[in-house]
Amino acid sequence: MAERLVEVKDLKVQFATEDGIVKAVDGVSFELDRGRVLGIVGESGSGKSVTSMTLLGLTRDKNTRFEGEVLYKGRNVLEMNESELQEVRGNEMSMIFQDPMTSLNPVYTVGAQICEAIQVHERADKRVARRRAVDLLKQVGIPNAESRVDNYPHEFSGGMRQRAMIAMALACNPDVLIADEPTTALDVTIQAQIIELIDRLKDEFNSAVILITHDLGVVAEIADEIIVMYAGRVVERAATRQLFYDPQMPYTWGLLGSIPRLDREKQERLHSIEGTPPSLIRMPVGCKFRPRCPFAFDKCMEEPDLVNRVEEPKHLDRCWLSVPEKRKLREATIQGEVAAA
Amino acid sequence: MLAFIIRRLLGAILVLIAVSFITYLIFVKIPGGDPAPRIAGRTATQQNIEDIRQKLHLNDPFYEQYWGLMKSLFSGELVSYSSQLNVVDQIKQGIPATFSLCIGAGIIWLFFGILVGLISAVTAGQASDRVITVLALIGISMPVFWLGLIVRYLFAQGHPFAFMPDGEYVPITQNPWQWFVHLLMPWWVLAVLFIGFYGRVLRGNILDTINEDYVRTAKAKGLPQKRVLVKHVLRNSLIPIVTLFGLDFAAVLGGSAILTETVFNLKGVGWYAAQAVGDLDLPPIMGVTIYATFFIVLFSVVVDLVYAYLDPRIRPT
């Protein structure tokens, strides 16, 4: 069995704000083994970014409370002090952010920003770090890496900047690469290239990847397992194939239904999930998706646990509907007929 | 790069011409601006005044007068109407005092402005930040002429202390220590306003920058907090301060420390300008205006160059 790198146990993250306590993450658990890709999917505000930033201790603040455990190779990240965290960040776990336009410092060259991590973590001298930076840029597919290394971020295109971000994240050969919506700000044509690049480099660097996105289409290609998050909690969790073939949670159906499909009859319009995610300060009673769910019934006033309800033992979900009912209602939803009727 | 500098220099000459011409027009149009009756004195006859007008070419068309004025200014022959002293010589005499005042004050206000801004940004929302905010607002609100008099009263005139010399400028070549001691109060009085202002501006810049995505990236790379703060936050927050400092410093060098120089009786360029304005004495006013414009224009070019060095996005390619 592959080495267990990350284990998140019942993680809760709460922010104290002027309006009240925001329960951004509310009882999330997952595991990640070396060489695997975990997809975390959900709408904006579902807590996926907060979860991933918490893995690196980036959500720490005097107004933030944590509960549960985030174990990296058995050590609890939540209890590390600042210097222990700095050792982990960028070195053992590193992160790629959503917007490559703003995630690079405009006043330093791309090379200098890649070298920075190498110099800090490995105490490498400038020449060694620079040579590594050039190699990394070559690996992420930047042409003329030797001269491009001295360019400033504004001289790179969006796709190239994201490649440079990936090179930076991989600079110290981390075990875990967290990609927080790495393709959201990019052209569709570039998206696939970046996802393929992450998939290939994962094998070359022998790392594990956590890929966060709101687009199930993006994770379908490379994720081994997918977690669907809603209102700060996991609402469905399954191996990728299983999730696509037998999704159990009406919210997941909604996400699947909102992927544009070319292989179906022409739809009037793209299906969307009605309503907006709930306030994380005053959550709805019972199932958190109930107010937006077209199939909600009496039982939904009580919150369902994340448990296995189907034949496949590793497939967990939070929905009270019986499995046969779900399978019947599902096809209709994914095709958007429910919305039309 | 060369093209950029040449373009800016040509622009600078145009600015000099425009500023001097506008100043000249304002003076000519101002009521009581005609120098001839004042030079002639109380008991002058119409003939006296007419002679003076003739001598000073005041009956020529205004553009010829302007041209004559500028020609004599740049050949160093321009003399004051009232004192008959050479304008260029007088400005040159004032330069050591003005430069000593401005360079010292500039160092103080830049250093303490950055320090104050950094401390209040890092401790934003805490007690120290609040105290600094109040002090900065007081600093910004105190007029120089008032603060200068209070400081002189308290520390130089024996109410309750008298350990500081009261005004006057001692050349550095004559006695460096006395030069320093005499300038201490003027330096601080001039700097206080800027410290408060720069502190506020920098605090805002830092708090904006700290939430930038690239600062989060820097943290995610595992850089130590101090390095993140200095190399990624402060480095980017200081860019607007450079512009501010360049232009403020130029203005002060160009004689806009008029109040400080007057309050502390430092006979610099600003003091000379104040005298000239009081006497409605056109030649020194023109001289000082050109001198001030020169520094503003020079420093705005310098600021552009420094800015391009600090921010690669605006470098001319």
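Remember, predicted model here, so these are calculated numbers, not experimental data. (Residues numbered from 1 in each chain as written. Chains lettered and ligands numbered in written order. Predicted model: local features only at pLDDT ≥ 70, side-chain atom pairs only at ≥ 80, totals over all residues.)

1. Topic: the overall build of chain A
Assigned secondary structure in chain A consists of twelve helices and twelve strands. In summary, chain A has a C-alpha radius of gyration of 21 Å against a globular reference of 20 Å for 341 residues, a match within 12%. Along the first, second and third principal axes, the C-alpha set of chain A runs to 65 × 45 × 45 Å. For chain A, buried positions account for 46% of its 341 residues. The long-range share in chain A, meaning contacts at least 24 apart out of those at least 6 apart in sequence, stands at 65%. (Helix = DSSP H or I, 4+ residues; strand = E, 2+ residues; numbered from the N terminus. Rg over C-alpha atoms; globule rule 2.2 N^0.38 Å. Buried ≥ 20, exposed ≤ 12 C-beta atoms within 10 Å, placed from the backbone. Contact = placed C-beta atoms within 7 Å.)

2. Points about the overall build of chain B
What chain B contains, in helices and strands, is 13 helices and zero strands. Written out in order from the N terminus, the α and β elements of chain B read α-α-α-α-α-α-α-α-α-α-α-α-α. When its C-alpha atoms are laid out on the principal axes, chain B stretches across 85 × 60 × 35 Å. In chain B, buried positions account for 33% of the 317 residues.

3. As for the sheet that holds strand 3 (residues 37–41) of chain A
Residues and elements named next belong to chain A. One open sheet holds the eight strands; their spatial order is 6-7-8-3-9-10-12-11, and the pairing between them is mixed. Of all strands in the sheet, those with a lone pairing partner are strand 6 (93–96) and strand 11 (307–308), marking the two edges. Two strands pair when backbone bridges link them, and strand 9 (residues 225–230) and strand 10 (residues 233–239) are joined in this way by six bridges, in the antiparallel orientation. Across the sheet, residue Ile226 finds its bridge partner in strand 10, namely Ala238. Along the sheet face, helix 6 (residues 158–170) touches strand 6 and strand 7 (176–180) and points at about 170° away from the line of strand 6. (Pairing = 2+ DSSP bridges. Axes fitted to C-alpha atoms, helices over the stretch in contact; angles between N-to-C directions.)

4. Observations concerning helix 10 (residues 250–257) of chain A
By the criterion of burial, helix 10 of chain A is predominantly enclosed, with seven of the eight residues buried. The set of residues buried in helix 10 of chain A consists of Pro250, Tyr251, Thr252, Trp253, Gly254, Leu255 and Gly257 of chain A.

5. So, the interface of chain B and chain A
With 19 residues of chain B in contact, the opposing surface of chain A contributes 25 residues. With six residues, helix 9 (residues 213–220) of chain B is the single largest residue contributor to the side of chain B that touches chain A. Split into classes, the residues belonging to the side of chain B that touches chain A amount to six nonpolar, five polar and eight charged. (Nonpolar A, V, L, I, M, F, W, Y, C, P; charged D, E, K, R; others polar.)

6. Details of the pairing of strand 4 (residues 64–72) of chain A
All names here are of chain A. For strand 1 (residues 4–17) and strand 4, the ladder comprises eight bridges, and the chain directions are antiparallel. Looking at the pairing, Lys12 lines up with Glu67 of strand 4. As paired strands, strand 4 and strand 5 (residues 75–76) are joined by two bridges and run antiparallel to one another. The residue of strand 5 that forms the bridge with Leu71 is Asn76.

7. Observations regarding the packing of helix 5 (residues 87–122) of chain B against helix 12 (residues 269–278) of chain B
All names here are of chain B. Remark: helix 5 packs on helix 12, axes separated minimally by 7 Å, with the N-to-C direction vectors making an angle of 135°. With respect to each other, helix 5 and helix 12 are oriented oblique. Contacts from Gln90, Ile91, Gly94, Ile95 and Thr98 of helix 5 reach helix 12 at Val269, Gly270, Trp271 and Tyr272. Across the contact of helix 5 with helix 12, the residue classes tally to five nonpolar, four polar and no charged. (Parallel < 35°, antiparallel > 145°, perpendicular 65-115°, else oblique.)

8. Let's talk about the sheet that holds strand 2 (residues 20–33) of chain A
Taking strand neighbours across the sheet as the criterion, the four strands line up as 2-1-4-5 (chain A) in an open arrangement whose pairing is antiparallel. Where the open sheet ends on each side, the last strands, each with one partner, are strand 2 and strand 5 of chain A.

9. What about unusual backbone geometry?
What you tend to see is this: most non-glycine residues have negative phi, and most peptide bonds are trans. The peptide bond linking His159 of chain B to Pro160 of chain B adopts the cis configuration, its omega dihedral lying at 5°. Relative to the assigned elements, Pro160 of chain B resides in the loop between helix 7 (144–156) and helix 8 (176–210). Unusually for a residue other than glycine, Lys73 of chain A sits at a positive phi of about 50°. As for its position among the elements, Lys73 of chain A is in the loop between strand 4 and strand 5. A count of 14 C-beta atoms within 10 Å places Lys73 of chain A in the partly exposed class. For Asn173 of chain A, which is not glycine, the phi torsion reads 50° and is therefore positive. Note on placement: Asn173 of chain A falls in the loop between helix 6 and strand 7.

10. Comments concerning the confidence of the model for chain B
In the predicted model, chain B carries a mean pLDDT of 88, and the fraction of residues at 70 or more is 99%. Here the predicted complex carries an ipTM of 0.86, next to a pTM of 0.83. (pLDDT = per-residue confidence, 0-100.)

11. Thoughts on the environment of Met142 of chain B
Residues and elements named next belong to chain B. Within the fold, Met142 resides in the loop between helix 6 (127–141) and helix 7. Taking the C-alpha atoms as reference points, Met142 and Phe299, separated by 157 residues in sequence, lie 27 Å from one another. When residues no more than four places from it in sequence are discounted, the contact partners of Met142 are Leu147 and Val192.

12. Some words on the nonpolar core
Counting residues in each nonpolar core, the largest one holds 152 residues, and the members touching the most others are Ala167 and Val228 of chain A. The dominant element in this core, judged by the number of residues it contributes, is helix 8 of chain B, at twelve residues. Residues in contact with Ala167 of chain A, not counting those within four places in the same chain, are Ile114, Leu136, Leu137, Gln139 and Val140 of chain A. (Core = buried A, V, L, I, M, F, W, Y, C linked by C-beta atoms within 7 Å.)

13. Let's talk about the environment of Leu243 of chain A
All names here are of chain A. Mapped onto the secondary structure, Leu243 falls in helix 9 (residues 240–245). On the neighbour-count criterion, Leu243 (28 C-beta atoms within 10 Å) is buried. In this structure Leu243 touches Ile226, Glu236, Ala238 and Thr252, once residues within four positions along its chain are discounted.

14. Considerations on the pairing of strand 1 of chain A
Residues and elements named next belong to chain A. Note: strand 1 against strand 2, eleven bridges, orientation antiparallel. The partner of Val8 across the bridge, within strand 2, is Phe30. Hairpin geometry of strand 1 and strand 2 is characterised by an intervening segment of two residues between the two adjacent antiparallel strands.

15. Considering the packing of helix 1 (residues 2–29) of chain B against helix 13 (residues 282–310) of chain B
Residue and element names in this part refer to chain B. For the pair helix 1 and helix 13, the least separation of the axes is 9 Å and the interaxial angle reads 150°. Here helix 1 is positioned roughly antiparallel relative to helix 13, judged by the angle of their axes. Viewed along their axes, helix 1 and helix 13 form a crossing whose handedness is right-handed. Note on element contacts: helix 13 touches helix 1 through Leu282, Ile285, Met286, Thr289, Ile290, Thr293, Phe294, Val297 and Val301, opposite Arg8, Ala12, Val15, Leu16, Val19, Ser20, Thr23, Tyr24 and Phe27. Considered class by class, the residues forming the contact of helix 1 with helix 13 number 13 nonpolar, four polar and one charged. (Left-handed = near helix turned anticlockwise from the far one by under 90°.)

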